[in-house]
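# What the coordinates show
Here is what each chain is made of, one letter per residue.
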Amino acid sequence: MIRVATWNMKQAVAPKKPLPELWEWMESEIDPDVIVLTEARVPKDGLPEGWTAIWTPGGIGPRRTWGTIIAARDIELKEAKFKRNPERKKDYIHPHPATLHTADIVIDGETWATIVGAYGFMTDSKNGWDAALGIINECVDLLDSGNERVILAGDFNLWPEDILPVVENNLEMVDIMGLVEDLPELKDAVGGSRIWTHKNGNSPNAKRQELDFIFATDELADEVVAAWN
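Notes on the structure follow. It should be emphasised that the depicted structure is a prediction, and the values quoted were computed from it without experimental measurement.

## Quick look at the overall build of the protein
Counting secondary structure elements, the protein contains four helices and 12 strands. In summary, the protein has a C-alpha radius of gyration of 17 Å against a globular reference of 17 Å for 229 residues, a match within 12%. Considering only C-alpha atoms, the protein reaches an extent of 50 × 40 × 40 Å along its principal axes. Scored against the burial criterion, the 229 residues of the protein give a buried share of 48%. Counted over contacts in the protein with a minimum sequence separation of 6, partners at least 24 positions apart contribute 67%. On the protein, roughly 12,600 Å² of surface is accessible, and the fraction owed to carbon and sulfur atoms is 47%.

As structure tokens, then:
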């Protein structure tokens, strides 16, 4: 059984806790086998023992030294190889550097699944739409390469009512977080939120929002035995 998770480490704006402490919390409380970390950094001393990861050192750039990290504990990760923009379209949009990585999850020498770790990097519109097409293009190319065991996970900076139709209609992937049962009602939710993965501010009246998602192709979705927030 493989436990897959996604978590925003909030290194983009005013980080509040030391990186080693965050990694320790993630390891003990989330306890993942594979995890997509967004707005994330690796500790200065390197990855904790037992972990391997794929990320861009230095992050997005000088003012944004954070990015997306795909990390695994006691499991091998390999950068996925497949043709991107095979038709060489001039208007093709690539994902923003350091905000998306695609990796093969290798178990006993065989690729168990390929995971796309994505972050909806906001530039002009102040929401994840700026990054959505690049993320979708990466997934389309991966799926067109013949890979039928694909996971897409991360923080998309989009509400469920926006991102779900895009992924379900364009990629035909299953919303794994939507499989969670018996969640308490989220009152005054934004954008059809079902799971409160983010609180927009520190005030008592700050809205709870759902920005983080995990999707999977049908074959993998059929193997899911539990989903939780």
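Once you've had a look at it, read on.
## A look at the side chain of T102
Tracing the sequence through the fold places T102 in strand β6 (residues 100–107). A polar side-chain atom of T102 sits 2.7 Å from a polar atom in the side chain of E138. In this view, T102 contacts I70, K78, E79, A80, F82, R84, T114, I115, V116, E138 and L142; residues no more than four positions away in its chain are not counted.

## Some remarks on the environment of E21
Within the element layout of this structure, E21 appears in helix α1 (residues 19–30). What makes E21 partly exposed here is its relative accessible area of 39%. Along the sequence, E21 and P43 sit 22 residues apart, while their C-alpha atoms lie 9.5 Å from each other.

## Digging into α1
Along its 12 residues, α1 runs 16 Å from first to last C-alpha, staying within 8% of the 16 Å computed at 1.5 Å per residue. Within the span of α1, buried status applies to L19, L22, W23, M26 and I30. Summarising the axial view, the buried residues of α1 lie within an arc of 100°, below the 170-degree limit, and thus occupy one face. Residues of α1 that are exposed and point more than 90 degrees away from the buried face comprise E24, S28 and E29. At its buried positions, α1 is contacted by β1 (4–8), β2 (34–40), β3 (51–54) and β4 (67–73).

## Here's the deal with the packing of aromatic side chains
For any pair of aromatic rings, the description rests on two quantities: the centre-to-centre distance and the angle between the ring planes. Counted by the stated rule, this structure contains seven aromatic pairs. Grouped by ring-pair contacts, the aromatic residues W66, Y119 and F121 constitute a single cluster. Just above the ring of F82 sits the side chain of R84; from NZ or CZ to the centre is 4.1 Å.

## Section: the pairing of β4
Of all seven residues in β4, seven are buried; the element is thus mostly enclosed. Relative to β4, β3 runs antiparallel, the two sharing four bridges. The residue bridging T52 from the neighbouring strand is A72, located in β4.

## Some points on the nonpolar core
Membership of the largest hydrophobic core comes to 23 residues, with the highest contact counts inside it found for L152, F156, I163 and F215. Those elements that place two or more of their residues in this core are β7 (110–119), α2 (129–144), β8 (150–155), α3 (160–170) and β12 (212–216). The element best represented in this core is α2, accounting for six residues. Every residue in contact with I163, bar those within four places of it in the chain, is listed here: F156, L158, F213 and F215. Core analysis: the next-biggest nonpolar cluster, separate from the first, contains 20 residues, V34, I151, I214 and A216 among them.

Criteria and thresholds
- Residues numbered from 1 in each chain as written.
- Predicted model: local features only at pLDDT ≥ 70, side-chain atom pairs only at ≥ 80, totals over all residues.
- Heavy atoms only, no water.
- Helix = DSSP H or I, 4+ residues; strand = E, 2+ residues; numbered from the N terminus.
- Rg over C-alpha atoms; globule rule 2.2 N^0.38 Å.
- Buried < 20%, exposed > 50% of the residue type's maximum accessible area, 1.4 Å probe, protein only.
- Contact = heavy atoms within 4.5 Å.
- Areas by Shrake-Rupley, 256 points an atom, 1.4 Å probe, with all protein chains shown as cover.
- Polar contact = N/O pair within 3.5 Å; in protein donor to acceptor, adjacent residues only side chain to side chain.
- Expected span 1.5 Å × (residues − 1).
- Arc of directions from axis to C-beta.
- Phe/Tyr/Trp six-rings, centres within 6.5 Å; stacked < 30°, edge-to-face > 60°.
- Lys NZ or Arg CZ within 6 Å of the ring centre and 35° of its normal.
- Pairing = 2+ DSSP bridges.
- Core = buried A, V, L, I, M, F, W, Y, C linked by side-chain atoms within 4.5 Å.

By themselves these figures say nothing about function.
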